[in-house]
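# Inside the fold
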Amino acid sequence: QVQLGESGGGQVQAGGSLRLSCVPSGRIFNSYAMGWFRQAPGKEREFVASISSGGGTIYLSESVKGRFTISRDSAKVTVFLQMENLKPEDTAVYYCAVRTGYLAPSNSSAAFDTWGQGIQVTVSP
């Protein structure tokens, strides 16, 4: 069973940057497509970014295009979410997720079967 560990969250001022990391552990046979979602207080969980197993295909939500980047390390295991020019509306709990057995990314939370516990990102004005 794959487990996901997120790190890198915290509090920054608007315009600042953060880099989130997601490290899978457990029984990993191959690298799979992974993604990041977020949930702000009182709102539904929303898609942020997703990346294919090989890293060649990336999906980004319109709200973060030009500011956020998703990538994988050379071993194609750890996934990063580099967040630049953060805005107060980016404040949320960010979740890493994996599509076990799938190579292609997705922008639907229903396509992901394993989730991390989430990490808080707070952007102050």
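In this report, the structure presented in the accompanying data block is examined.

Reading guide: rules and limits
- Residues numbered from 1 in each chain as written.
- Predicted model: local features only at pLDDT ≥ 70, side-chain atom pairs only at ≥ 80, totals over all residues.
- Heavy atoms only, no water.
- Helix = DSSP H or I, 4+ residues; strand = E, 2+ residues; numbered from the N terminus.
- Buried < 20%, exposed > 50% of the residue type's maximum accessible area, 1.4 Å probe, protein only.
- Contact = heavy atoms within 4.5 Å.
- Core = buried A, V, L, I, M, F, W, Y, C linked by side-chain atoms within 4.5 Å.
- Pairing = 2+ DSSP bridges.
- Salt bridge = Lys/Arg side-chain N within 4 Å of Asp/Glu carboxyl O.
- Disulfide = S-S within 2.5 Å.

It is worth spelling out the overall build of the protein at this point. Across its full length, the protein holds zero helices and eleven strands. The order of α-helices and β-strands along the protein, N terminus first, is β-β-β-β-β-β-β-β-β-β-β. Taking the principal axes of its C-alpha atoms as reference, the protein extends roughly 45 × 25 × 20 Å. When burial is assessed residue by residue, the protein has 42% of its 125 residues classed as buried.

Along the chain, the position of Val93 falls in strand β9 (residues 92–99). On the basis of relative accessible area, Val93 is assigned to the partly exposed category, the value being 22%. Put simply, Val93 and Gln117 are 24 residues apart on the chain and 9.3 Å apart in space, counted from C-alpha to C-alpha. With sequence-adjacent residues up to four places away left out, Val93 is seen in contact with Phe37, Arg38, Gln39, Gly118, Ile119 and Gln120.

Proteins that are soluble and globular tend to have nonpolar side chains buried together. Counting 27 residues, the largest nonpolar core has Leu20, Trp36, Val48, Phe68, Leu81, Met83 and Tyr94 as its most contacted members. When contributions to this core are tallied by element, the ones reaching two or more residues are β1 (2–7), β3 (18–26), β4 (33–39), β5 (46–51), β7 (68–72), β8 (79–83), β9 and β11 (119–124). With four residues, the single largest contributor to this core is β9.

On β1, burial follows the alternation: Val2, Leu4 and Glu6 on one face are buried, whereas Gln3, Gly5 and Ser7 on the facing-out side are not. Of the pairings in the sheet, the one linking β1 to β3 comprises six bridges and is antiparallel in character. When the bridges of β3 are listed, Gln3 appears paired with Ser25.

Moving on, we come to the pattern of salt bridges. Within the structure shown, the criterion is met by four salt bridges. The residue Arg38 makes a salt bridge to Asp90 at a minimum N-O spacing of 2.9 Å. Of this pair, Arg38 sits in strand β4 while Asp90 is found in the loop between β8 and β9, placing the two residues 52 residues apart along the sequence. Exposure class is identical for Arg38 and Asp90. Each is buried. Notably, a salt bridge pairs Lys65 with Glu62, separated by 2.8 Å at the nearest N-O pair. Accessibility expressed as a relative area gives 63% for Glu62, which makes it exposed. Taken together, the shared-partner salt bridges connect Arg38, Glu46, Arg67 and Asp90 into one network.

Moving on: the state of the cysteines. In the structure shown here, the tally under the stated rule is one disulfide. Between the sulfur atoms of Cys22 and its disulfide mate Cys96 the distance is 1.9 Å. For the disulfide bridge between Cys22 and Cys96, the dihedral angle about the S-S bond is near -80°, and by the sign convention the bridge is left-handed. Here Cys22 is found in strand β3, whereas its partner Cys96 is found in strand β9, with 74 residues between them in sequence.

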